[in-house]
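Listed below are the residues making up each chain.
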Amino acid sequence: MEENNEFIEKFTEESNPIGKKLFIIILFLLLLLIPLFCVENTIKERENFKNEAIGKVAMSWGHQQTIMAPELRLKNGETLKLYDYNIQSKIKTEYRKKGIFKIPVYTTEVEAYGSFINPGNIKENATLILNVSDIRGFIGKRTKLLNGNSSGIINLANAPKIIPFKTQYTLRGICGISFKVGGINNNISVEGNWKNTSFEGDFFPSEKGINKNGYKATWNIAEVQDMNNSCDIMFLTPIDSYRMTVRCIKYGFLFIALTFLSFFLFEMASKIKQIHPFQYTLIGFSMIIFYMLLLSMSEFIHFGLAYFIATVMTISVIGGYTYFVLTDKDKIMAKTISGILAVLYTYLYTVLNLQDFALLIGSLGLFVAIIAIMYYTRDIKWYKDE
């Protein structure tokens, strides 16, 4: 501990004013982590508000739906083996607003048909059962045909070896839909109008296509042992502003540090007058407010446009402050600082949109930044002659 105190005293002593200034800047930079953390918490709170809005819409419209394979059930709860299972779903997806939030909801017309295997040694009635995760999503009439009988009930003593069935119904839900598989042969066909669609679950589609008019997908699946296996479709919003803003703020500390470093290096090169640590703090706070601007505007407009407006506002404030306060109206210096910030924010937006290559682009960008700093500081004398 004593050795550390001696190092700090030596680093900040009057004979080394550069070291003292750098130490104070780093201290203020670390303190700015507190408001940066508060902004991140605000983003999470807004995201929770959105989740609450989704829950309220789901209460009246229907939750995310899972369509289970139909069952031919006996009185004791046992079920017959599902042989062929074919399902066709036409899905219409649209936005439903709750406050300022837009939530993708859908209505799907479902037609399922196939057959069950009659074991031949059962003499009682069996009932065709339709299972979905949220029965509140059913709207209109549900049609159930079992061996041509609209009651959905059959006496197995008089039933054929292969018992055909057919069902039709309309179902509502939000955000996504899942189809469980349960037959020896499973064929699922889905089409809809939503372009921002993600195919997930335990199986990839055998065929799929997404264009400006919507999507189509089919699954052809042989018998599976796990009855929980499913084919899932998620209806995404074009850009999740909260997720993008959280990813953006993770670079917040780095961006403030690079901006402080730029001002510090220009100051050491005597291109601008001496900057007080409080002025560094004002610059840091203006960069933190960028994320609040981005968050608040992206709730109402497209994320890219919100990012552009917030960037222009932030660069204008810092560039103007540099021009009028820090440099006595030095246009070149103000333009240089503004240019550096423009490059930083452009670089960040590029990283945000290149998800698969974010780490690679981020690493290369930092490497280039280190090279630039090394080059620019090559002639700076860090210690004054005693």
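Since this is a predicted model, take the numbers as computed values, not measurements.

This part covers a nonpolar patch on the surface. On the surface, a nonpolar cluster with roughly 490 Å² of combined accessible area is contributed by Phe300, Ile301, Leu305, Phe308 and Val312. Looking at where Phe308 falls in the secondary structure, it is placed in helix H7 (residues 303-326). Exposure remark for Phe308: the relative accessible area of 53% places this residue in the exposed category.

With that settled, the discussion passes to the environment of Gly114. Relative to the assigned elements, Gly114 resides in strand S4 (residues 101-117). Residues Gly114 and Asp232, spaced 118 residues apart in sequence, show a C-alpha to C-alpha distance of 21 Å. Non-local contacts of Gly114, meaning those with residues more than four positions away in its chain, are made with Asp84, Asn86, Ile163, Pro164 and Phe165.

Here the focus is the sheet that holds strand S7 (residues 153-155). Taking strand neighbours across the sheet as the criterion, the three strands line up as S2-S5-S7 in an open arrangement whose pairing is antiparallel. In this open sheet, the two edge strands, each paired with only one partner strand, are strand S2 (71-73) and S7. Shown here is a sheet whose adjacent strand axes are inclined to one another by a mean of 30°, direction ignored. With three bridges joining them, S2 and strand S5 (residues 125-129) adopt antiparallel strand pairing. If you follow Leu72 over to S5, its bridge partner there is Leu128.

Another aspect to go through is the pattern of salt bridges. Applying the stated criterion across every chain yields a total of five salt bridges. Across the pair Arg46 and Glu299 runs a salt bridge, and its minimum N-O distance is 2.8 Å. In this pair, Arg46 is assigned in helix H3 (residues 33-61) and Glu299 in the loop between helix H6 (277-298) and H7, connecting sequence segments 253 residues apart. Judged by its relative accessible area of 24%, Arg46 falls in the partly exposed class.

The next thing to look at is the pairing of strand S9 (residues 176-180). Within a regular beta strand, the side chains point alternately toward one face of the sheet and then the other, so they alternate between its two faces. The element S9 is largely enclosed, with a buried count of five among its five residues. Covered by surrounding structure in S9 are Gly176, Ser178 and Lys180 together with Ile177 and Phe179, the residues of both alternating faces. Examined bridge by bridge, S9 and strand S14 (residues 230-235) share five bridges and lie antiparallel to one another. The residue bridging Gly176 from the neighbouring strand is Met234, located in S14.

Right, let's talk about the environment of Glu223 for a bit. Checked against the element boundaries, Glu223 lands in the loop between strand S13 (214-222) and S14. Measuring from C-alpha to C-alpha, the distance between Glu223 and Asn185 comes to 5.9 Å, with 38 residues separating the pair along the chain. Residues within four places of Glu223 in sequence aside, it is in contact with Lys81, Gly183, Ile184 and Asn186.

With that settled, consider the packing of helix H5 (residues 252-268) against helix H8 (residues 331-353). Running from N to C, H5 and H8 point in directions that differ by 160°, and their axes come no closer than 11 Å. The angle between H5 and H8 places the two elements in the roughly antiparallel class. Crossing angle aside, the handedness with which H5 passes H8 is right-handed. Touching Phe255, Leu258, Thr259, Ser262, Phe263 and Phe266 of H5 are Met333, Thr336, Ile337, Ile340, Leu341, Leu344, Tyr345, Tyr347 and Leu348, all from H8. Its residues assigned to classes, the contact of H5 with H8 comprises twelve nonpolar, three polar and no charged.

What counts, and where the lines are drawn
- Residues numbered from 1 in each chain as written.
- Predicted model: local features only at pLDDT ≥ 70, side-chain atom pairs only at ≥ 80, totals over all residues.
- Heavy atoms only, no water.
- Patch = residues over 30% accessible without salt bridge, like charges linked within 9 Å, V, L, I, M, F, W, Y side chains within 5 Å.
- Areas by Shrake-Rupley, 256 points an atom, 1.4 Å probe, with all protein chains shown as cover.
- Salt bridge = Lys/Arg side-chain N within 4 Å of Asp/Glu carboxyl O.
- Helix = DSSP H or I, 4+ residues; strand = E, 2+ residues; numbered from the N terminus.
- Buried < 20%, exposed > 50% of the residue type's maximum accessible area, 1.4 Å probe, protein only.
- Contact = heavy atoms within 4.5 Å.
- Pairing = 2+ DSSP bridges.
- Axes fitted to C-alpha atoms, helices over the stretch in contact; angles between N-to-C directions.
- Parallel < 35°, antiparallel > 145°, perpendicular 65-115°, else oblique.
- Left-handed = near helix turned anticlockwise from the far one by under 90°.
- Nonpolar A, V, L, I, M, F, W, Y, C, P; charged D, E, K, R; others polar.

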